[in-house]
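# Close look at the chain arrangement
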Amino acid sequence: MLLEQPGTLGALRLKNRVVMAPMGTNYSTTDGLSTERDKQYYAERARGGVAMIMTEAMVVTAQARPHHNSLCCYHDRFIPGLASIVDAIHAHDCHVFAQLNHRGALLRRSVLNMEPVGPSSWKNPNTGDAVRPLSVAEIAEIQKLFVASARRLQQAGYDGVEIHAGNGYLFQQFFTPRINQRTDQYGGSFDNRARLLLETIDRVKQALPDFPLITRLSAAEFVDGGYSEADIIELARRLERAGVVALDLSGGSNESPQLSKYCIQPPSFARGCLGPYAKPIKQAVNIPVFVAGRIVDPQDAEALLHDGCADFVSVGRALYADPHWCVKAFGKVKAPIRKCIACNVCFERLTLEQDVACVHNPMIGTEFEALEHAEPQLFPARRTKMPRRVLVLGAGVSGIEAARVAAARGHHVEVWERAAKASGQMPLAMAAPDKREVEPVWTYRWQQIESLGVPVRFSIDASTAKIEAHAPDFVIVATGALPRACPFDVSALDRSIKVLHAWDVLGNPAQVAHASSVTIIGGGMVGVETADLLSQQGKRCTVIEALASVASGMARNNRIELLDRLKLRGVRIMLAAQVVKAAGRALDVRSGEDQAQRVDIGDCLVIATGPAPALDAVAAVEAAGIDYARVGDCNQPGDFLSCLRDAWMVALSIDERFNA
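A brief report on the enclosed structure follows.

For the rest of this paragraph, the subject is the pairing of strand S8 (residues 130-133). Relative to S8, strand S6 (residues 117-118) runs parallel, the two being bridged by 2 bridges. From the neighbouring strand, valine 117 faces S8, where its bridge partner is arginine 132. In the sheet, strand S7 (residues 122-123) pairs with S8 via 2 bridges, with the strands oriented antiparallel. Note on S8: the bridge partner recorded for lysine 123 is alanine 130. Between S7 and S8, which pair antiparallel and follow one another directly, the connecting turn spans 6 residues, one of which, glycine 128, has a positive phi of 80 degrees.

Below, the structure is given as structure tokens:
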């Protein structure tokens, strides 16, 4: 593989072509100090085989903090903690660079009361905060702060530093003519708009001539009025002449969900989507180029290298999902890769000031993320000394995950499933457009169940007698959820109107093949994905939601793109709306104190008002007197993150239960 071949970065030799992209975690203290959690998180990815890690963006001043728990390096007090992270990474034959950033106009007053500042008067599109233009004296001070922070990173043992000049942050704000309206030496012409970045690079190089320097750029802005391809190519050439050892290419801007999707791409984006934008930049320079953007499989990375789009791949979310991506890709660990599904829960949590999490890797940032816990089948010597007889009820994703971990740790596991096949709600999760990307959540686990030889019995009801006859030591109840009933009376509807649950429609869209128009009750994720599927098939859809917004549980980049699709197809969405009556071929719907309006149902009424735990099996288990735990939706309906986290940790708890 090209991916596995060594490469050079200035005087540094990298053992392969995989660089871990700078992705935030919120694992630090509220004072910006690194923690053992930071160190453990980065060390596991170094252990996982990447050639170099770019630690998350660090701020150069206390007046520019992006998150409550972001890493900082604006004072010498941060050096010892950062040095411990560096040592932990170096211990695994892995280089480490640090990214320095100033968000400028994208700073948020709502987070630590940071003042948005930038090249010109503007408004932060995310928050509506007014942006104050920086004076020339303030610009010079910010440049000094970058130099001082870079020096601290060198003292902490970092191999180099990256200046973040992309994704809509301060340096990009100065470079793009759509934001920079200055009339002094930092605005107007190309030379003036590039001045802030090139001066800062020069100052760092003068202060630290032997400290390798990389610059991250957005290869394209993807918006009218931004810089051109010729502009970014010329900037790349000037950065090369300024002495940077590599360019790290991303895309878009985090100033709004509409542009952020080019940085943190939703599943509808093609794999390796930034490759075509990176290629002309790579062809224009003689220094190495990194490229990011929907690199999920090793094959995605290999294609980018083969096509001449980059010299190294910058892998981000895929390393959230599986820190051991590299060693698995190179065949050094015989286990499947947990593939990123682009749900963007990771990014959403950071935006909401939560610590980063991954639905496919719920143990991220904990000691249980280590390979020994993630792939216990690889460590037979660590298997339990006291195997237990474990019965798992339900062969959906939660049940199979619990069975995977328990069996790999040496327990005797059997799975019972009431239906005639495994997978639970997975077919529903994959039914909507662009949702095939979630399939690895299932296939990763099912493949291991098969390789571990775990028996799965189908079409079996878990009665008390059957459970007693099986005589398990412990039962894991993972029986999932059922769709809630329609919240209003439909008996007076015209009989020609078909009433279905959204799960029925997602499972078999042919049931509404005859319909030209559909009304959907409920605008949660399932409701809007049903509208997405049906509107794609040419059906006119109306979504009625009781709350003030739809799909609130979906990551905003994905949500905005989905809502844009629905708008283009003419899907009608009624918010804060309650159905007060259903009769004939219409619904009476009231919003607030307004008078109810009549809404024509069309040909089909689809109910998408959420799930309720399926608890039938619990009584049978309790009657058998067997110790048990509920996991997944039968415990509390949620998403993949909560389901898989519960299942994984309950399986790990089996030994402790019997040692107590």
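Spatially, 5 strands are ordered S16-S15-S14-S17-S28 in an open sheet, and the strand pairing comes out parallel. One side of each edge strand has no neighbouring strand; the edge strands of this open sheet are strand S16 (456-457) and strand S28 (628-630). Sheet topology note: the strand S17 (residues 474-477)/S28 ladder contains 3 bridges and is parallel. Following the sheet pairing, valine 477 is matched in S28 by arginine 630.

This part takes up the nonpolar core. Grouped together as the largest cluster of nonpolar side chains are 102 residues, with contacts concentrated most on Leu100, Leu153, Tyr158 and Leu247. In terms of residues, this core owes the most to one element, helix H5 (residues 190-207), which gives 7 residues. Ala402, Ala429, Val438 and Ala478 belong to the second-largest nonpolar core, a separate cluster that totals 42 residues.

Note on placement: cysteine 309 falls in the loop between helix H9 (298-306) and strand S13 (312-315). Setting aside residues up to four positions removed in sequence, cysteine 309 forms contacts with Gly275, Ala278, Lys279, Lys282, Val289 and Leu304.

Our next topic: the packing of aromatic side chains. Under the criterion given, the structure shown has 12 aromatic pairs. Between tyrosine 41 and tyrosine 42, the aromatic rings sit 4.8 Å apart at their centres with planes inclined by 70 degrees, giving edge-to-face as the arrangement. Residue tyrosine 41 is classed as buried on the basis of its relative accessible area, which comes to 1%. On the basis of relative accessible area, tyrosine 42 is assigned to the buried category, the value being 1%. Both rings, one in tryptophan 442 and one in tryptophan 446, keep their centres 5.4 Å apart while their planes meet at 15 degrees; by these two values the pair is stacked. With tryptophan 442 and tryptophan 446 both in helix H16 (residues 439-452) and 4 residues apart, this pair spans about one turn of that helix.

Take the packing of helix H14 (residues 397-408) against H16 next. Across the interface, H14 lies against H16 with an axial gap of 9 Å and an inter-helix angle of 40 degrees. As the angle between them shows, H14 and H16 are arranged oblique. The interaxial crossing formed by H14 with H16 has left-handed handedness. Within the contact between the two elements, H14 uses Val397, Ile400, Glu401, Ala403, Arg404, Ala407 and Ala408 and H16 uses Val441, Trp442, Tyr444, Arg445, Trp446, Gln448, Ile449 and Leu452. Class assignment of the residues belonging to the contact of H14 with H16 gives a composition of 11 nonpolar, 1 polar and 3 charged.

Here we come to the side chain of lysine 539. Summarising the element assignment, lysine 539 is placed in the loop between helix H19 (525-536) and strand S21 (540-544). No salt bridge is formed by the buried lysine 539; the nearest opposite charge belongs to aspartate 603, separated by 8.7 Å. Polar contacts involving the side chain of lysine 539 include one to the side chain of glutamine 537, which spans 3.4 Å. Beyond its immediate stretch of four places on either side in the chain, lysine 539 contacts Val512, Ala513, Ala515, Ser516, Val518 and Leu534.

Calculation criteria
- Here, residues in each chain are numbered from 1, in the same order as that chain's written sequence.
- Where totals are concerned, whole chains, interfaces and linings use all residues; where local detail is concerned, this predicted model gives features only for residues with pLDDT of at least 70, and gives and counts side-chain atom pairs only at 80 or more.
- Side-chain numbers here rest on the full set of heavy atoms in the structure, without hydrogens or water.
- Any two strands with at least two DSSP-identified bridges between them are counted as paired.
- Each helix is a run of H or I in the DSSP string that is no shorter than four residues. Each strand is a run of E no shorter than two, and both are numbered from the N terminus.
- The criterion is simple. A nonpolar core is a set of buried Ala, Val, Leu, Ile, Met, Phe, Trp, Tyr and Cys residues joined through side-chain atoms within 4.5 Å.
- Burial classes: relative accessible area under 20% of the type maximum marks a residue as buried, over 50% as exposed, and values in between as partly exposed (1.4 Å probe, protein chains only).
- Throughout, a contact is declared for two residues whenever any of their heavy atoms are within 4.5 Å.
- Stacked, tilted and edge-to-face pairs are distinguished by plane angle, under 30 degrees for stacked and over 60 for edge-to-face with tilted covering the rest, among Phe, Tyr and Trp rings (Trp via its six-membered ring) whose centres lie within 6.5 Å.
- Where helices are involved, their axes are fitted lines through C-alpha atoms of the stretch in contact, as for all axes, and angles between N-to-C directions lie from 0 to 180°.
- Reported orientations rely on four angle classes, namely roughly parallel under 35 degrees, roughly antiparallel over 145, roughly perpendicular from 65 to 115, and oblique for the rest.
- The crossing is said to be left-handed when, going from far helix to near helix, the turn is anticlockwise and less than a right angle, and right-handed when the turn is clockwise.
- Three classes are used, and their members are as follows: Ala, Val, Leu, Ile, Met, Phe, Trp, Tyr, Cys and Pro are nonpolar, Asp, Glu, Lys and Arg are charged, and the others, Gly among them, are polar.
- The sign given to each residue is positive for Lys and Arg and negative for Asp and Glu; His and the chain ends receive no count.
- Within this document, salt bridges are pairs made up of a side-chain nitrogen of Lys or Arg and a carboxyl oxygen of Asp or Glu, the two lying within 4 Å of each other.
- N or O atoms closer than or at 3.5 Å make up a polar contact, with two conditions inside protein: a donor-capable atom paired with an acceptor-capable one, and, for residues adjacent in sequence, both atoms drawn from side chains.

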